[in-house]
Amino acid sequence: MIILEDKKMDSGWSAQLDLKFSNSNNRTLLDYRKHHGPLQVQKPFYPEQNGTCHVYILHPPGGVVGGDHLNISVNVNPKAHTLITTPAAGKFYRSSGAVARQEQSIKVEPQGIVEWFPSESIIFSGAKAQIKTKVELSRDSHFMGWEILCLGRPASNESFSDGELDQRFEVWREGKPLWIERLKLNGDDNALHANWGLQGFPVIGNMVCVTDKVGLVDALNKISSPTSEQELFSATQKDGIIICYFMGNSLERCRSYLIKVWKILRHEVIQCEAVEPRIWAT
């Protein structure tokens, strides 16, 4: 079922995208999608023999401004398996006062699998951004996903010297929290440069994988290697969830680390070889 609507609010775009995935004869179908405002999806892709459904979420304006509110809802039915990504970075532009909001809600039914790999969010100096992702899992469902932030525009020598960022990433299982992280920054925060904070790094990436399987962290930490750029990477596991962090100066390096993590975890946790979405090669 496909339902299309458009809605423009005086204070900014209010956009909603609802997606539902179901398993049919060992193939995952995008059997429901509804949108209003500038959020859409391309047709589903099937690059894997196991019937995993790859979907690219599109935001045609390319940027989010003060007053915009983007809302994405993903529901995965039993035994369905989807990989969701985006073709380009999300940009949060300078705001004169209003807050730009982006919220993602992901619900996974028993034996369902979600792989959530959006492109990075670039937070311009002067932006006022709220980004929240909440994942709700059943006991034997699976989730792995990342979120990548770039504070300012390092390539243009623009730091995040002004503005506000409130980012939340939550993973729940059967109504109980597995992992809740909140990053709340202002442009003049000491945390941006302090040794106990971000140490001046503009690029931050984190990745989580829900699994009770142990013995994987050592292999993940071995992907770190010295480079000409200063960067930090670590992986840890606690209470049924693996958490990886990256801090550095390069979005490309961050993505490289997290893709290597994904390939290891995909093979070990859900017993599937990694097949990169074609859009990542463009």
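So, here is what we can say about the structure in this document. (Residues numbered from 1 in each chain as written. Predicted model: local features only at pLDDT ≥ 70, side-chain atom pairs only at ≥ 80, totals over all residues. Heavy atoms only, no water.)

## Quick look at the state of the cysteines
Alright, step 1. The tally for this structure, following the rule as stated, stands at zero disulfides.
Alright, step 2. Free of any disulfide, Cys209 has its nearest cysteine sulfur in Cys244, 8.5 Å distant.
Alright, step 3. Classification of Cys209 as buried rests on a relative accessible area of 1%.
Alright, step 4. Here Cys272 stays unpaired: no disulfide links it, and the sulfur of Cys209, its closest cysteine neighbor, is 12 Å away.
Alright, step 5. On the accessibility criterion, Cys272 (13% relative accessible area) is buried. (Disulfide = S-S within 2.5 Å. Buried < 20%, exposed > 50% of the residue type's maximum accessible area, 1.4 Å probe, protein only.)

## Notes on the packing of aromatic side chains
Alright, step 1. Within this structure, the stated rule accounts for ten aromatic pairs.
Alright, step 2. Ring geometry for Phe117 and Trp146: centres 4.5 Å apart, planes at 45 degrees, overall tilted. Here Phe117, found in strand 12 (residues 113–117), pairs with Trp146, found in strand 15 (residues 142–151); they are 29 residues apart in sequence, far enough to count as distant.
Alright, step 3. Judged by relative accessible area, Phe117 falls into the buried class, the value being 0%.
Alright, step 4. Judged by relative accessible area, which is 0%, Trp146 ranks as buried.
Alright, step 5. Centroid distance Trp262 to Trp280: 5.5 Å. Interplanar angle 70 degrees. Geometry classified as edge-to-face. Pair noted here: Trp262 is in helix 2 (residues 251–269) and Trp280 is in the segment after helix 2, with a separation of 18 residues, a long-range link. (Phe/Tyr/Trp six-rings, centres within 6.5 Å; stacked < 30°, edge-to-face > 60°. Helix = DSSP H or I, 4+ residues; strand = E, 2+ residues; numbered from the N terminus.)

## Details of the pairing of strand 4 (residues 27–36)
Alright, step 1. Bridge count for strand 3 (residues 12–24) against strand 4 is nine bridges, and the pairing is antiparallel. Each bridged residue has a counterpart across the sheet, and for Ser24 the counterpart in strand 4 is Arg27.
Alright, step 2. Linking two consecutive strands that pair antiparallel, namely strand 3 and strand 4, is a turn of two residues; a positive phi of about 55 degrees is found at Asn25 within it. (Pairing = 2+ DSSP bridges.)

## With respect to the environment of Leu39
Alright, step 1. Structurally, Leu39 is set in the loop between strand 4 and strand 5 (40–41).
Alright, step 2. Residue class for Leu39 comes out buried when judged on its relative accessible area of 3%.
Alright, step 3. Along the sequence, Leu39 and Glu276 sit 237 residues apart, while their C-alpha atoms lie 23 Å from each other.

## Some details on the pattern of salt bridges
Pairing between side chains of opposite charge can happen when the charged atoms of each approach one another.
Alright, step 1. Applying the stated criterion across every chain yields a total of ten salt bridges.
Alright, step 2. Glu115 is paired through a salt bridge with Arg266; the nearest N and O atoms lie 2.8 Å apart. Separated by 151 residues along the polypeptide, Glu115 in strand 12 and Arg266 in helix 2 bring together distant segments of the chain. Neither residue differs from the other here; Glu115 and Arg266 are each classed as buried.
Alright, step 3. Within the structure, one salt-bridge network assembled from shared partners comprises Asp166, Arg168, Arg182 and Lys184. (Salt bridge = Lys/Arg side-chain N within 4 Å of Asp/Glu carboxyl O.)

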